[in-house]
Amino acid sequence: MSGEPTAPRVVVLADDLIWATRLVDGVRRAGGDPVPVRTAQSFASALEGADGAIVDLTARAYDGLAALEAASLTGVPAIAVGQHDDAPLRRAAKDAGASRVYAYRALFEHGDRDLGAWLTTLGQVATAPGTTEDDR
């Protein structure tokens, strides 16, 4: 690793066009390198080399909990976003490996700040001196 700071690579799994766009734009504004995907298969492929992942839980095209488990199994830190009034799904997302689960409104209102803080922690992992891909 060269020690040069790089933007954390964040896979964004969302099948809703509006939320996919909001999440990708939020990652970009916060200084990350977003990789938008819409299916479980493309998500699994994109996890290789990713520094983090964001999963929209209310999709129809994939199982958000399974996606969080896949990220967890590969060691990729993940956060999730879902309905504020679906407490059981939000708890299940935490159990599946999400480090944080945001309600849509909260992420929309505070996303730049919260995503920026999260990306900073990912960037520290991605650019720590002497860190290799195997160390993550």
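The preceding data block contains the structure.
Bear in mind that the values here come from a model prediction, so they are computed numbers and not experimental data.

Draft legend 1. Summary view of the packing of helix 3 (residues 64-73) against helix 4 (residues 87-96). As a packed pair, helix 3 and helix 4 sit with axes 8 Å apart at the nearest point and diverge in direction by 20°. Of the possible angle classes, the one that applies to helix 3 and helix 4 is roughly parallel. Helix 4 is crossed by helix 3, and the crossing has right-handed handedness. Residues Leu65, Leu68, Glu69 and Ser72 of helix 3 touch helix 4, and the partners they reach there are Leu89, Ala92, Ala93 and Ala96. A breakdown of the residues in the contact of helix 3 with helix 4 according to their chemical character gives six nonpolar, one polar and one charged.

Draft legend 2. Spotlight on the sheet that holds strand 5 (residues 98-103). Ordered in space as 2-1-3-4-5, the five strands form an open sheet in which the pairing is parallel. Every interior strand has two partners, whereas the edge strands, strand 2 (33-37) and strand 5, have only one. The mean inter-strand angle of the sheet, taken between neighbouring strand axes irrespective of direction, is 20°. Inspection of the sheet shows strand 1 (residues 9-13) paired to strand 3 (residues 52-56) by four bridges, in the parallel sense. Bridging across to strand 3, Val12 finds its partner in Ile54. The strands that helix 3 touches are strand 1, strand 3, strand 4 (78-82) and strand 5; relative to strand 4, the one it contacts most, it runs at about 170°.

Draft legend 3. Focus on the packing of aromatic side chains. What the rule picks out here adds up to one aromatic pair. Consider the rings of Trp19 and Tyr104, whose centres lie 4.6 Å apart with planes at 40°: the pair is tilted. One end of the pair, Trp19, is in helix 1 (residues 17-29); the other, Tyr104, is in helix 5 (residues 104-127), and 85 residues separate them in sequence. Using a relative accessible area of 10% as the deciding quantity, one classes Tyr104 as buried. Between the NZ or CZ atom of Arg22 and the centre of the ring of Trp19, over which it lies, the distance is 5.1 Å.

Calculation criteria
- Residues numbered from 1 in each chain as written.
- Predicted model: local features only at pLDDT ≥ 70, side-chain atom pairs only at ≥ 80, totals over all residues.
- Heavy atoms only, no water.
- Axes fitted to C-alpha atoms, helices over the stretch in contact; angles between N-to-C directions.
- Helix = DSSP H or I, 4+ residues; strand = E, 2+ residues; numbered from the N terminus.
- Parallel < 35°, antiparallel > 145°, perpendicular 65-115°, else oblique.
- Left-handed = near helix turned anticlockwise from the far one by under 90°.
- Contact = heavy atoms within 4.5 Å.
- Nonpolar A, V, L, I, M, F, W, Y, C, P; charged D, E, K, R; others polar.
- Pairing = 2+ DSSP bridges.
- Phe/Tyr/Trp six-rings, centres within 6.5 Å; stacked < 30°, edge-to-face > 60°.
- Buried < 20%, exposed > 50% of the residue type's maximum accessible area, 1.4 Å probe, protein only.
- Lys NZ or Arg CZ within 6 Å of the ring centre and 35° of its normal.

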